Amino acid sequence: MAISLAQRMLLMTQQLENMPITEIEIAYGGEAYADNQIDAKTLGEALTSLSALIEHAEKIINGETAEPKVNIKATKEGSFTLLVAVMGSIKTINALGLVAGGGVAAGGVLGIIEWLKGRKISSIVVDEQKDTAEIEVDGEKVKCSNDIQKLITSPIIRKELDKLIYKPLQTEKPSTFSVSQQKHKVVRVTQAEAVSFKTAKSTFVEKTHVTTRQANVHFANVRFKQGKSWDIILPNGEEVSASMKDEAFLERVEHNQAAFCKGDLFVVELTETTKETNGALSKPRYSITKVIRHRAAADRKLL
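These numbers come from a predicted model, not from an experiment.

Caption draft 1: A look at helix α7 (residues 247-254). When we look at burial in α7, the residues that qualify are Phe-249, Leu-250 and Val-253. All buried residues of α7 lie within an arc of 100 degrees about the axis, which places them on one face of the element. Within α7, the exposed residues directed more than 90 degrees away from the buried face are Glu-247, Glu-251 and Glu-254. Where the residues of α7 are buried, they touch β9 (207-219), β10 (229-233), β11 (239-244), β12 (265-277) and β14 (285-295). In the segment just after α7, Asn-256 is the residue with positive phi, at about 60 degrees.

Caption draft 2: A look at the confidence of the model for the protein chain. Mean pLDDT for the protein chain: 83, with 82% of residues reaching 70 or above. In the predicted structure, residues 5-16 sits below a pLDDT of 50 and forms two contacts with residues beyond four places in sequence or in another chain. Segment residues 299-303 is flagged for pLDDT under 50; beyond a separation of four residues in sequence, or across chains, it makes 10 contacts in the model.

Caption draft 3: Quick look at the pairing of strand β8 (residues 184-190). Where strand β7 (residues 176-181) lies against β8, six bridges are found, and the strand directions are antiparallel. Of the residues in β8, the one forming a bridge with Gln-181 is His-184. The antiparallel hairpin formed by β7 and β8 contains two residues in its connecting segment, where Gln-182 sits at a positive phi of about 50 degrees.

Caption draft 4: Examining the packing of aromatic side chains more closely. The tally for this structure, following the rule as stated, stands at seven aromatic pairs. Consider the rings of Phe-219 and Phe-249, whose centres lie 6.0 Å apart with planes at 45 degrees: the pair is tilted. Taken together, the residues Phe-219 in strand β9 and Phe-249 in helix α7 connect sequence positions 30 residues apart. Both residues of the pair, Phe-219 and Phe-249, count as buried. Cluster of aromatic residues (ring-pair linked, three or more members): Phe-219, Trp-230, Phe-249 and Phe-266.

Cut-offs used in this document
- Residues numbered from 1 in each chain as written.
- Predicted model: local features only at pLDDT ≥ 70, side-chain atom pairs only at ≥ 80, totals over all residues.
- Heavy atoms only, no water.
- Buried < 20%, exposed > 50% of the residue type's maximum accessible area, 1.4 Å probe, protein only.
- Helix = DSSP H or I, 4+ residues; strand = E, 2+ residues; numbered from the N terminus.
- Arc of directions from axis to C-beta.
- Contact = heavy atoms within 4.5 Å.
- pLDDT = per-residue confidence, 0-100.
- Pairing = 2+ DSSP bridges.
- Phe/Tyr/Trp six-rings, centres within 6.5 Å; stacked < 30°, edge-to-face > 60°.

If you want it as structure tokens, here you go:
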């Protein structure tokens, strides 16, 4: 049954009313903004970038149907302060690092970009099971959520942060950017630190996606050294090579304590590793970290 335009508008209004609202303060301070004035073009770009930043982040995390809304409520004296009401997912606001607890330790985008200090990311390893990522740069590592690494490596997110933070702090007099929530300072960026938020020349980085799961496999051949490739048959019937990393199992095989025949089924801890370069995925590599259980073929007893 089709609904009228009025009914559709009412439904949208009800949905907006039910959306969580997060209030934050974004302030441009220091000598440059002490008189509560800001260049109109700079302000316009900053407001547009704030809205675009949240909207794009929301869609990256929650899908294309997500529709956040950003309202500028007022300004305060003493610095150029925007009181912002965000209607949308608190998960997205947390991920961006715009609320308390969103710093580098919690994996917020703003916190991690501060930690990067403009350095190029060396690599990112994504744990698909835990939905976490480990970012490495210059031998240093930091862990965050998988959502965070998607935002960090998004050219659009980095471009909007440039307009929201970096450009407004390119002033003759000292200036700062800060975010507060309920009178608690969430983040503060000085003019000297603003370069960390400048649009990166390239957000290209090789990502490694790691998935570990239990799987029932058949062994098509046997190798007696750790790390050597075994041909295994996956549950879907595909035959692939897998590196054997279970030393205890190899020892049992070598001493005939784990004999097996064609058709035997093994429950193993199987790790699948895939490289992602510029959005293109490589062929998966497999490794067996542990042989959990041996199930003999139907016409044999378990060994």
